[in-house]
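# Secondary and tertiary structure notes
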Amino acid sequence: MTADTRLARNEDAQDLFGLIALCFAEYPGCFVDPHDDLRDLRAAGDAFASRAGAWWVCEDARGRVCASAAVDLASEESAELHRLYVRPDRRRRGLGEALVGQAERFAAQAGAARLCFWSDTRFEAAHRLYSRLGFQSSGEIRELGDISRTRELFFEKRLSP
């Protein structure tokens, strides 16, 4: 299934917060903290545009955000993927793959030679998707020191021009 995407809008904040909360709820000890680590939700439409990037969302039949992904340009050669989430009841329908593809195309058109990101070590199902899409983990792990005691694994993929 392909996904119809649109750019995130500032008024999507509540839907995006709910989406991320549902995804985090699947993992014991993983909490949503809008004050420290989700500040970009307050103005989702502007959050990545101000960093030469974009944030896309997919909606369900009721018009609620059910998936999202964002990308920004970390440097001239590198873009970074952010906020890839798919609501549990909408998974395995191609939404995540479609959003990653959108981010890859955006990054390549902006001249990035690679797309990279950090992913919570608990998100093993997502890691299988990333691997299937050609991303490789360097094995590097960073600790965020947040309320969820998040440890993230680094992934990257070379992009075709």
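The structure we're discussing is the one just above.
Note that the structure is predicted; figures quoted are calculated from it, not measured.

## Some words on the side chain of Ser68
Structurally, the position occupied by Ser68 is in strand β3 (residues 65-73). Residue Ser68 is classed as buried on the basis of its relative accessible area, which comes to 0%. Within the local environment of Ser68, its side chain forms a polar contact with the side chain of Trp55, the two groups lying 3.4 Å apart. Among the polar contacts made by the side chain of Ser68, one reaches the main-chain carbonyl oxygen of Arg83 at a distance of 2.7 Å. With residues up to four places along the chain from it excluded, the contact list for Ser68 reads Leu16, Leu19, Trp55, Trp56, Val57, Arg83, Leu84, Tyr85 and Leu99.

## Regarding helix α3 (residues 95-109)
Between its first and last C-alpha atoms α3 spans 21 Å; for 15 residues at 1.5 Å apiece the expected length is 21 Å, and the two agree. What α3 keeps buried is the set Leu95, Gly96, Leu99, Val100, Gly101, Ala103, Glu104 and Ala107. On its buried face, α3 sits against β2 (54-59), β3, β4 (78-86), β5 (114-120), α4 (124-132) and β7 (151-158). Backbone geometry just downstream of α3 places Gly111 in the positive-phi region, at approximately 95°.

## Observations concerning the sheet that holds strand β1 (residues 6-7)
Reading across the sheet, the 7 strands line up as β1-β2-β3-β4-β5-β7-β6 and stay open at both edges, with mixed pairing between neighbours. Across the chains shown, the open sheet's two edge strands, defined by having one partner strand only, are β1 and β6 (136-143).

## Focus: the layout of surface pockets
In this structure, the largest pocket encloses a volume near 1100 Å³. What lines the largest pocket is a set of 41 residues, and nearest its centre among them are Leu84, Tyr85, Phe123, Ala126 and Tyr130. Mapped by element, the contributors of at least two residues to the lining of the largest pocket are α1 (13-24), β4, α3, β5 and α4. Broken down by element, the residue count for the lining of the largest pocket peaks at 7 residues, all from β4. Its residues assigned to classes, the lining of the largest pocket shows 19 nonpolar, 6 polar and 16 charged.

Here is what the cut-offs are and how they apply
- Residues numbered from 1 in each chain as written.
- Predicted model: local features only at pLDDT ≥ 70, side-chain atom pairs only at ≥ 80, totals over all residues.
- Heavy atoms only, no water.
- Helix = DSSP H or I, 4+ residues; strand = E, 2+ residues; numbered from the N terminus.
- Buried < 20%, exposed > 50% of the residue type's maximum accessible area, 1.4 Å probe, protein only.
- Polar contact = N/O pair within 3.5 Å; in protein donor to acceptor, adjacent residues only side chain to side chain.
- Contact = heavy atoms within 4.5 Å.
- Expected span 1.5 Å × (residues − 1).
- Pairing = 2+ DSSP bridges.
- 1 Å grid on protein atoms, 1.4 Å probe; cavity = no way out; pocket = protein on both sides within 12 Å on 5 of 7 lines; lining within 4 Å.
- Points joined across faces, edges and corners; volume = space filled by probe spheres on them.
- Nonpolar A, V, L, I, M, F, W, Y, C, P; charged D, E, K, R; others polar.

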